Each structure stands twice: as structure tokens, then as C-alpha cells.
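A look at the structure
Residues per chain are reported as follows:
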Amino acid sequence: MELRKGLEDIAIKETSITYIDGDLGRLYYRGYSIYDLASFSNFEEVSYLIWYGKLPTQRELADLKSHLAEERNVSEEISTFVSKVAKTANPMDILRTAVSMMGLEDRREEGLVTKAIKITAKIPTIISLIQRTRRDQKFIEPDPSLSHAENFLYMINGEKPDLNFSKTMDVALMLHMDHEMNASTMACLVVASTLSDIYSSVVAGISALKGPLHGGANSEALKQFMEVESPDQVEKYVLNKLSTGHRLMGFGHRIYKTMDPRAKILKDYAREVTEGKPTERLYKVAEKIEEIGIKILGKRGIYPNVDFYSGLVFFSLGFDTDLFPTIFASARVVGWTAHVDEYLLDNKLIRPKAIYVGDLGKKYIPIDERQ
Ligand SMILES: CC(=O)SCCNC(=O)CCNC(=O)[C@H](O)C(C)(C)COP(=O)(O)OP(=O)(O)OC[C@H]1O[C@@H](n2cnc3c(N)ncnc32)[C@H](O)[C@@H]1OP(=O)(O)O
Ligand SMILES: O=C([O-])CC(=O)C(=O)O
């Protein structure tokens, strides 16, 4: 039996959701280039595309928008729980528990995508509850007249975003929506393949996304930019980091061996949202880390990934640093649920093997005779 650590280069399903060309740095959702979607589309339209496999008509889009708007409120119990732990707990742990509570509360028999819409609609409300409670700010009720991205920013900042901010948020969310068989999507599928429920799958996805090798890298990447005073300090900083056995966060990818196209798009938005602001210093440091990082690691196929510039974008839009992985989850929930839906069309229990390397036939020694 062949050992494939990390399931590298193993396909576990066929999909028509996402295609990645890791050598050329290309990404497509349902056949549409990520560049076109980022330029012309929005969160709701791409969610529809990922869940239903086609771009919506006006009517279908309007229905999805109103469905999402109707489902944004969370129960009194969830809101009390989140407010109680917001100042002390890790935001991903809070989100994981809140989604688990949603599962307890939702006893309805209904389609998987209907449940997915409910979860997707509520996650921004939970995230804003966390941030505003921590800052001792009053909770902002969701506004059904706003788009998903606009409402998200409104509930965080307490004011309606301008066009630049809402477009930036829409793009950031679209870019995070799906990425084929990444670790968190795989975690969702393992749960789903036992015929468990969609809330349990999403809880598994959030748990896997939390780690710094996956969705947790966006906060870590921004922390790096904050640790360096100016671009002329970058080379020393990067060399020191790498020579002491640390990884450059927001660099490297299992599939991309060139720059992640999402990082290219986010870089432009990061430049725009920081221009002329105090955060411009962070952008300049980030750009220099990108340059030096590629100089050192590029020959090994290690380049910036989606998490490199996303944190700087989220920070500039008003989010606290440790909330970034929850924003990632708020978009990735669309991909997680679409992959579960697709997998269940032809379900097969996920149960790989391990190669046993221990002893066999050992003699059992009673406890009072053991040394
Ligand atoms: C949304 C996302 O999940 S995108 C990824 C977000 N994660 C990060 O940015 C964290 C930093 N990056 C990494 O840790 C890795 O690149 C991963 C985990 C993302 C992918 O790595 P894998 O394909 O599993 O490769 P693996 O971890 O085995 O690394 C291969 C080699 O490249 C090196 N390497 C990989 N990434 C980096 C990095 N960011 N900085 C320095 N060295 C790196 C490893 O040290 C290893 O070197 P070695 O062969 O000398 O031991
Ligand atoms: O594909 C991966 O392994 C990680 C990633 O970039 C993502 O989940 O967006």
C-alpha cells in the first residue's frame, strides 16, 4: 500500500464547482474565471452560481437576496451566548459553537441549500456581535435593504459603506467562496459522508479552517506586516524568520506553484483601501515582503497565497485582526455546503487506511506486575 502523506495528489471526488490550474495560477468557479467574477459580479450572484451551477436570472437573484435578508437574525439564545464570551474566547471557537447552536434550533425538514442559505445569512450577524460587544458598542440590527456585503460592513462599522468599501468586501468574499478540495472542505465531506447533518459538516469546516496553515494564516500575515517598521527592514526580517525555522505566513500552497490569482486581485484592493491612510505603511511593508519572499522562496514554487493580502483588506474595512478567519468562513460556507451537496449525489463513506507500523502479538501483563 502506498503512503500519501496529507493525501497529496489524491482525488476524492469529481466536481463541477471549482477548477484550479496551480501552475498557471488560474481559478474558475463553475467555468467562470475568478477575474471576471471579481470584476463584474457580487456575493449573492456567485453564491447562486456555486450552489445551483448557473448564473441566476433577475428573478432568481432577487429571491436569493430576499431569502438571505430574511434569515440574518439569530436567536436570543445565540445572541446571549456570543455576547457573553465575545471578550474572552477565540472568534472561530465562538462561531463554531454558534453554528452548532443553530443546528440545535433548526428542526425543519428542508433541502440542504435552504439550510446553507440560513447559515450563510447568519454568520455576519454573529461576527458583528463579537466585534461590537468587545468594543462595548451597541448591536446593529441587520438592514434588509442592503446587499450581503454592504450589510456585513454596516453591522460591523455602524455606518453604511461607500461604493468602494462595499465593492472591496464583495470581491473579498467572492474570492474566499470556494477552493476545490482544501482541508476544511475535506473535513466537511468526511462528516457528510457518514450521512450526518449539514450543521455538523459546517462545524467541522470551521474547525479545520481555524488553523494557521489554512484560514488562520490571514491574521498571521497581517501581524507580520505590523512587526516590521518600514520596507527597508523587510529583508532582515524575512531572512531572520526563515533562518530560525519559521514560515512566511500567507506564502506557499499545496496546489499553486506560482502566485495565487486571488492574492493578485486582493493586492490591488489592498493598495486602494490603504492609499493615503495610516495603513499605507502596512501595504508598503507587505509589498516588500512579497518581493523578498518571492526572491528567496519563488524558485521552490512558494508564492503569496490568498491569505497574504486579505488580512490587510479586512483590517482596512474595519475588522479586528483575530476576526479574519471568521470572515473567511462566512464566504467559504457557500463552497463547503455546495461540495457536500455535490458529494451526496453519489455518496461514499470516506474511510482511508493507515499503514500499521507497531508491534503485534504482545503479551498482556496485569497492572500489579508491570514495571
Ligand atoms: C487559504 C489557505 O489555506 S492558503 C495557505 C495558508 N497557509 C499559510 O500561508 C501558512 C504558510 N504556508 C505553509 O505552511 C505551506 O505552504 C502550506 C501548509 C500552505 C502548504 O504546504 P504543503 O504543500 O503541505 O508543503 P509543506 O508544508 O510540506 O512544505 C514544503 C516545503 O516548503 C517549505 N515551505 C512551505 N511554505 C513555506 C512558507 N510559507 N515559508 C517558508 N517555507 C515554506 C516547507 O518548510 C517545506 O520545506 P522542506 O521541504 O525543506 O521541509
Ligand atoms: O486550497 C487550499 O488548499 C487552501 C486554499 O487556498 C483555500 O482553501 O482557499
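In the annotation of an unreviewed UniProt entry, the entry for the chain reads Citrate synthase, and the organism field reads Metallosphaera tengchongensis. The UniProt entry for the chain carries the following text under Pathway (unreviewed entry): "Carbohydrate metabolism; tricarboxylic acid cycle." The UniProt entry for the chain carries the following text under Sequence similarities (unreviewed entry): "Belongs to the citrate synthase family."

1. Points about the UniProt feature "active site" (unreviewed entry) in the chain
Taking the numbering used here, the UniProt-annotated feature "active site" (unreviewed entry) corresponds to His253 and Asp307. These annotated residues cover 55 residues of sequence, and their C-alpha atoms lie no more than 10.5 Å from one another, placing them together at a single site. With respect to the helices and strands, the residue His253 is situated in the loop between helix H12 (234-243) and helix H13 (261-274). Looking at His253, the relative accessible area reads 24%, which means it is partly exposed. Residues contacting His253, with those up to four places away along its chain left out, are His179, Arg262 and Asn305.

2. Some words on helix H15 (residues 306-316)
For H15, a buried count of 10 out of 11 residues is recorded, marking the element as mostly surrounded by other parts of the structure. Taken as a whole, H15 has its buried residues at Val306, Asp307, Phe308, Tyr309, Ser310, Gly311, Leu312, Val313, Phe314 and Ser316. Looking at the buried residues of H15, the elements they touch are helix H8 (163-175), helix H11 (217-227), H13, helix H14 (280-297) and helix H16 (324-344). For H15, the capping residue at the N-terminal end is Asn305, with a side-chain oxygen 2.9 Å from the backbone nitrogen of Asp307.

3. Let's talk about the sheet that holds strand S2 (residues 26-29)
Across a sheet, strands are paired by hydrogen bonds formed along the backbone, either parallel or antiparallel in direction. Pairing within the open sheet is antiparallel, and its 3 strands lie in the order S1-S2-S3. The open sheet has two edge strands with one neighbour each: strand S1 (18-21) and strand S3 (32-33). As defined by bridge partners, S1 adjoins S2 across 4 bridges and the pair is classed as antiparallel. Residue pairing across strands places Asp21 opposite Arg26, the latter belonging to S2.

4. Some words on the site of ligand 1
Around ligand 1 sit 20 residues in total, of which His214, Arg247, Leu248, Gly250 and Phe251 are the nearest. Interatomic distance of 3.0 Å between a side-chain N/O atom of Asn305 and an oxygen atom of ligand 1. Surface burial for ligand 1 is 68%, taken as the share of its 910 Å² of free accessible area covered by protein chains. Tallied by class, residues from the shell around ligand 1 come to 11 nonpolar, 5 polar and 4 charged.

5. Topic: unusual backbone geometry
In this structure, Leu7 takes a positive phi of about 50 degrees despite not being glycine. With respect to the element layout, Leu7 can be found in the segment before S1. By relative accessible area, Leu7 is classed as partly exposed at 36%. Its identity as a non-glycine residue notwithstanding, Leu195 has a phi of 65 degrees, on the positive side. Of the residues examined, Leu195 reaches a relative accessible area of 62% and is grouped as exposed.

6. Quick look at the pattern of salt bridges
Enumeration according to the criterion identifies 23 salt bridges in this entry. With its nearest N and O atoms 3.8 Å apart, the salt bridge here joins Asp63 to Arg59. Here Asp63 pairs with Arg59, and both are found in helix H3 (residues 58-70), just 4 residues apart, close to one helical turn. On the basis of relative accessible area, Asp63 is assigned to the partly exposed category, the value being 41%. Linked by salt bridges that have partners in common, Asp106, Glu110, Lys115 and Lys118 make up one network.

7. Things to note about the packing of aromatic side chains
Ring pairs (aromatic) are described by centroid distance and by the angle formed between their planes. Under the defined criterion, the tally for this structure stands at 9 aromatic pairs. Between Phe314 and Phe319, the aromatic rings sit 6.3 Å apart at their centres with planes inclined by 75 degrees, giving edge-to-face as the arrangement. The same class applies to Phe314 as to Phe319, namely buried. Arranged with centres 5.8 Å apart and planes meeting at 50 degrees, the rings of Phe314 and Phe324 form a pair that is tilted. Taken as a pair, Phe314 in helix H15 and Phe324 in helix H16 lie far apart in primary sequence, 10 residues in all. One aromatic cluster is present, formed by Phe225, Phe251, Tyr283, Phe308 and Tyr309 through successive ring pairs.

8. Observations regarding the pairing of S2
In the case of a regular strand, side chains alternate between the two sheet surfaces. Side chains Leu27 and Tyr29 project from S2 onto a buried face, and the interleaved Arg26 and Tyr28 project onto a face without burial. With antiparallel pairing between neighbouring strands as the criterion, S1 and S2 make up a hairpin whose turn holds 4 residues, including Gly25 at a positive phi of roughly 70 degrees. Hairpin connection of S2 to S3: 2 residues between the antiparallel strands, including Arg30 at a positive phi of 50 degrees.

Calculation rules
Residues numbered from 1 in each chain as written. Chains lettered and ligands numbered in written order. Predicted model: local features only at pLDDT ≥ 70, side-chain atom pairs only at ≥ 80, totals over all residues. Heavy atoms only, no water. UniProt positions renumbered as here; feature names shortened; annotations may be inferred. Helix = DSSP H or I, 4+ residues; strand = E, 2+ residues; numbered from the N terminus. Buried < 20%, exposed > 50% of the residue type's maximum accessible area, 1.4 Å probe, protein only. Contact = heavy atoms within 4.5 Å. Polar contact = N/O pair within 3.5 Å; in protein donor to acceptor, adjacent residues only side chain to side chain. Pairing = 2+ DSSP bridges. Near = heavy atom within 4 Å. Areas by Shrake-Rupley, 256 points an atom, 1.4 Å probe, with all protein chains shown as cover. Nonpolar A, V, L, I, M, F, W, Y, C, P; charged D, E, K, R; others polar. Salt bridge = Lys/Arg side-chain N within 4 Å of Asp/Glu carboxyl O. Phe/Tyr/Trp six-rings, centres within 6.5 Å; stacked < 30°, edge-to-face > 60°.

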